[in-house]
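Inside the fold
Residues per chain are reported as follows:
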Amino acid sequence: MEREGEERFCFIAEWYDPHAAFIRRYQFMYYVKDGTVEMFDIKNHRMFLKKTRIETIRPEDLYIGNTVNILSRQMNFVDYGDDFTRARLSHKKERTLGMIKPDAMSKMGQIIDLICQKGFLITKLKMCQLNRNEAFQFYQEHQGKPFLDTLLNFVTSGPVIAFELMGENCVSQWREALGPTDSAIARSEAPQSIRARFGKNKTENACHGSDSSSSAARELEFFFPSNGPSRQNTAKFTDCTCCVVKPHAVKSGLAGKIISSILEAGFEISMLEMFNMEKANAEEFYEVYKGVVQEYGSMVAELTSGPCLAMEIRAQNAPQAFREMVGPSDPEIARHLRPRTLRALFGVDKVRNAVHCTDLPEDGLLEVEYFFKILGR
Ligand code: CDP
Ligand code: MG
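Reading the values: the criteria
Each chain carries its own residue numbering, running from 1 in the written order of its sequence. Written order determines the labels here, with chains lettered from A and ligands numbered from 1. For a predicted model such as this one, the threshold for reporting local features is a pLDDT of at least 70, and the threshold for listing and counting side-chain atom pairs is 80 or more; totals across whole chains, interfaces and linings nevertheless cover every residue. Computation of side-chain values covers all heavy atoms of the structure but excludes hydrogens and water. Per the annotation, domain bounds derive from an automatic or database assignment of domains. The buried label applies to any residue whose accessible area, calculated with a 1.4 Å probe on protein chains only, is under 20% of its type's maximum; exposed applies above 50%, and partly exposed to all values in between. The helix and strand labels rest on DSSP assignments: H or I over at least four residues marks a helix, E over at least two residues marks a strand, and numbering proceeds from the N terminus. Arc definition: directions from the helix axis to the C-beta atoms. Whether two residues are in contact is decided by their heavy atoms, any of which lying within 4.5 Å being enough. UniProt positions are given in the numbering used here, feature names are shortened, and annotations may be inferred rather than shown by experiment. By the criterion applied in these results, polar contacts are pairs of N or O atoms within 3.5 Å in which, for protein atoms, one can donate a hydrogen and the other can accept it, and in which residues neighboring in sequence qualify only through two side-chain atoms. Near is defined per residue: the residue qualifies when any heavy atom it owns lies within 4 Å of the molecule or strand. Working definition of accessibility: Shrake-Rupley area with a 1.4 Å probe, residue cover restricted to the visible protein chains. Any residue outside Ala, Val, Leu, Ile, Met, Phe, Trp, Tyr, Cys, Pro, Asp, Glu, Lys and Arg is labelled polar, Gly included; the first ten of those are nonpolar and the last four are charged. Salt bridge, as applied in this entry: a Lys or Arg side-chain nitrogen positioned within 4 Å of an Asp or Glu carboxyl oxygen. Structural elements are reduced to axes, namely lines fitted to C-alpha atoms, with helices fitted over the stretch in contact, and the angle between N-to-C directions of any two is expressed from 0 to 180 degrees. Angles below 35 degrees are treated as roughly parallel, those above 145 as roughly antiparallel, those between 65 and 115 as roughly perpendicular, and all remaining angles as oblique. Handedness of a crossing follows from how the near helix is turned relative to the far one, being left-handed for an anticlockwise turn of less than a right angle and right-handed for a clockwise one. Aromatic contacts are taken between Phe, Tyr and Trp rings whose centres are within 6.5 Å, Trp giving its six-membered ring; a plane angle under 30 degrees counts as stacked, one over 60 as edge-to-face, and the others as tilted. Any Lys NZ or Arg CZ that is within 6 Å of a ring centre and within 35 degrees of that ring's normal is treated as a charge sitting over the ring.

1. A closer look at the domain arrangement of the protein
Interfaces are frequently sized by the accessible area removed from exposure as the parts join. We note that the domain assignment places domain 1 (2–89), domain 2 (94–223) and domain 3 (240–375) within the protein. One C-alpha centre belongs to domain 1, the other to domain 3; they are set 38 Å apart.

2. So, helix H12 (residues 296–303)
Listing the buried residues of H12 in full gives Tyr296, Met299, Val300, Glu302 and Leu303. Buried residues of H12, seen end-on, are gathered within an arc of 160° and therefore sit on one face of the element. Here the buried face of H12 lies against strand E12 (240–245), helix H9 (247–251), helix H11 (279–285) and strand E14 (308–314).

3. Let's talk about the environment of Ile64
Of note, Ile64 is situated in the loop between strand E5 (46–53) and strand E6 (67–70). Here the alpha-carbon distance between Ile64 and Tyr80, two residues 16 residues apart in the chain, equals 7.5 Å.

4. Some points on the UniProt feature "binding site: ATP" (unreviewed entry) in the protein
Look at the UniProt record and you will see "binding site: ATP" (unreviewed entry) annotated at Lys101, Phe147, Arg175, Thr181, Arg195 and Asn205. Tracing the backbone shows Lys101 in the loop between strand E8 (94–100) and helix H2 (108–117). Apart from the residues within four sequence positions on either side, Lys101 is in contact with Tyr139, Phe154, Val160, Arg195, Thr203, Asn205, Ala206, Cys207 and His208. A distance of 2.8 Å separates polar atoms of two side chains, one belonging to Lys101 and the other to Asn205. Mapped onto the secondary structure, Phe147 falls in the loop between helix H3 (132–138) and helix H4 (148–155).

5. What to know about unusual backbone geometry
Unlike most non-glycine residues, Ala21 shows phi in positive territory, near 55°. A relative accessible area of 48% places Ala21 in the partly exposed class.

6. Some points on the site of ligand 1
By nearness alone, every residue bordering ligand 1 is listed as Lys101, His142, Phe147, Leu151, Arg175, Thr181, Arg195, Lys202, Thr203 and Asn205. Lys101 places a side-chain nitrogen or oxygen 2.9 Å from an oxygen atom of ligand 1. Side-chain polar atom of Arg195 to an oxygen atom of ligand 1: 3.0 Å apart, as the coordinates give it. In the complex, the protein chains occlude 83% of the 500 Å² of accessible area that ligand 1 would expose alone. Its residues placed into classes, the shell around ligand 1 shows 2 nonpolar, 4 polar and 4 charged.

7. Some words on helix H5 (residues 170–178)
Looking only at H5, the buried set comprises Cys170, Val171, Trp174, Ala177 and Leu178. The buried residues of H5 occupy one face: seen down the axis, they fall within an arc of 130°. Elements in contact with the buried residues of H5: E8, H2, strand E10 (160–167), helix H7 (194–198), strand E11 (207–209) and helix H8 (213–223).

8. Topic: the UniProt feature "active site" (unreviewed entry) in the protein
As annotated by UniProt and renumbered to match this structure, "active site" (unreviewed entry) occupies His208 and His356. Over a stretch of 149 residues, the named residues are scattered through the fold, their C-alpha atoms separated by up to 30.3 Å. Locating His208 in the fold gives a position in strand E11. You can call His208 buried: its relative accessible area is 9%. Contact partners of His208, with chain neighbours within four places excluded, come to Leu97, Gly98, Met99, Lys101, Phe138, Tyr139, Trp174, Leu178, Arg195 and Glu219. A relative accessible area of 4% means that His356 is categorised as buried. Other than its neighbours up to four places away in sequence, His356 contacts Cys242, Cys243, Val244, Lys246, Phe285, Tyr286, Tyr289, Arg343 and Glu367.

9. Some details on the pattern of salt bridges
Within the structure shown, the criterion is met by 25 salt bridges. Here Arg25 ties to Glu14 by a salt bridge, and the two come within 2.6 Å at their closest N and O atoms. With Arg25 in strand E3 (residues 22–31) and Glu14 in strand E2 (residues 6–17), this pair connects stretches of sequence that are 11 residues apart. Classification of Arg25 by relative accessible area gives partly exposed; the value is 38%. Given the relative accessible area of 21%, Glu14 is considered partly exposed. Arg335 is the partner of Glu332 in a salt bridge, and the nearest nitrogen-oxygen pair spans 3.3 Å.

10. Let's talk about the packing of H2 against helix H10 (residues 255–264)
Following both chains from N to C, one finds H2 and H10 inclined at 170°, their axes separated by 7 Å at the closest point. In terms of their interaxial angle, H2 and H10 are classed as roughly antiparallel. Here H2 and H10 pass one another in a crossing that is left-handed. Residue-level contacts link Met108, Gly109, Gln110, Ile112, Asp113 and Gln117 of H2 to Ala255, Gly256, Lys257, Ile259, Ser260 and Leu263 of H10. Residue classes in the contact of H2 with H10 are distributed as 5 nonpolar, 5 polar and 2 charged.

11. Considering the packing of aromatic side chains
With the rule as written, the count across this model stands at 20 aromatic pairs. With a centroid separation of 4.8 Å and 65° between ring planes, the pair formed by Phe28 and Phe77 is classed as edge-to-face. You can see Phe28 sitting in strand E3 and its partner Phe77 sitting in strand E7 (residues 73–80), a full 49 residues away along the chain. Take Phe28 and Phe77: they sit in the same class, and that class is buried. Here Phe163 and Trp174 contribute two aromatic rings whose centre-to-centre distance is 5.6 Å and whose plane-to-plane angle is 80°, an arrangement assigned as edge-to-face. Taken together, the positions of Phe163 in strand E10 and Trp174 in helix H5 put the pair 11 residues apart, joining distant regions of the chain. Of the residues examined, Trp174 reaches a relative accessible area of 0% and is grouped as buried. What links up through ring pairs into an aromatic cluster is the set Phe275, Phe285, Tyr286, Tyr289, Tyr370, Phe371 and Phe372. In this structure, Arg231 is placed above the aromatic ring of Phe222, and the distance from its NZ or CZ to the ring centre is 3.8 Å.

Spelled out as structure tokens, the structure:
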């Protein structure tokens, strides 16, 4: 149901009570405005939890199959509690872990574009470099297999991009999009699949996908740990400038196309990560524009309106060279004067101008550090 300013999601949650040895069912309510949770015990018709803020529960945790911890009980969402919730959330039922492997990193733009076109939602994304121990941990199920050593050499041979996908039957849908493990077999049996199109052989097969929802949970935790330090990023902090694909462009599914354009122009993308910017961080990041650019407030609002993709871009004279490619800040002007620039091609208006890039050469490194040393810690 939706009262004004009181958007509320409702689920049926189950908890296995070990003392009574049976499953208790609850009506679970989440109030979006203040992030509070309220629960009723269905069988006993009584309040189980009064409206309370539970820091660990976020809107993105609300999907069937997910388990959340409430009052030290592992509550499992088994169904929607009302039609409003079903209508609003049913498209994002499941999550999986995908990864672009080292052999396909030069195709990252095309692969990300394909992911968006196929209707998967990318909810997390990060470029990382795995060491051998980490790779072994990630592929632990293959311990003892004859190809393990080859596989570990391969996945540690360069950076990878790990991402969380969300969508209906996401685990199997993503496996389907990948095609068979062996790229050669993929080319004969599923010629449109990712491995057929971008893979080379049975080891270098472009992308990974979790094989079940339990693998997905483990692998997502590996790359995107819910607590503790995250994986080592690949930022180099030299000869660099910062690019941010703005939320409107990410939402419109343009990220892959923008990345492809950047790579085709000869720039190196040495780090890439998805962020959900807090208002305070966006204000800090845009500090230099405060009081100078009229759109400052709208720029902050845009940058916090959804996930953005931050990059470390490397080249000679990276800040100036990349600025040239991005074009004038107003896409209308860009379309007239510099029709091949990123903003001319992908921008909407002065605030939704597709990408941010570092303005002053001396700020290139600082902005890269802001994302990958301060926010990305
Ligand atoms: O990735 P997928 O789940 O399709 O296949 P897997 O059997 O779980 O194997 C994991 C990865 O090991 C594959 O994606 C290949 O990169 C590699 N592999 C290999 O190098 N040689 C094989 N005979 C099988 C797999
Ligand atoms: Mg597998």
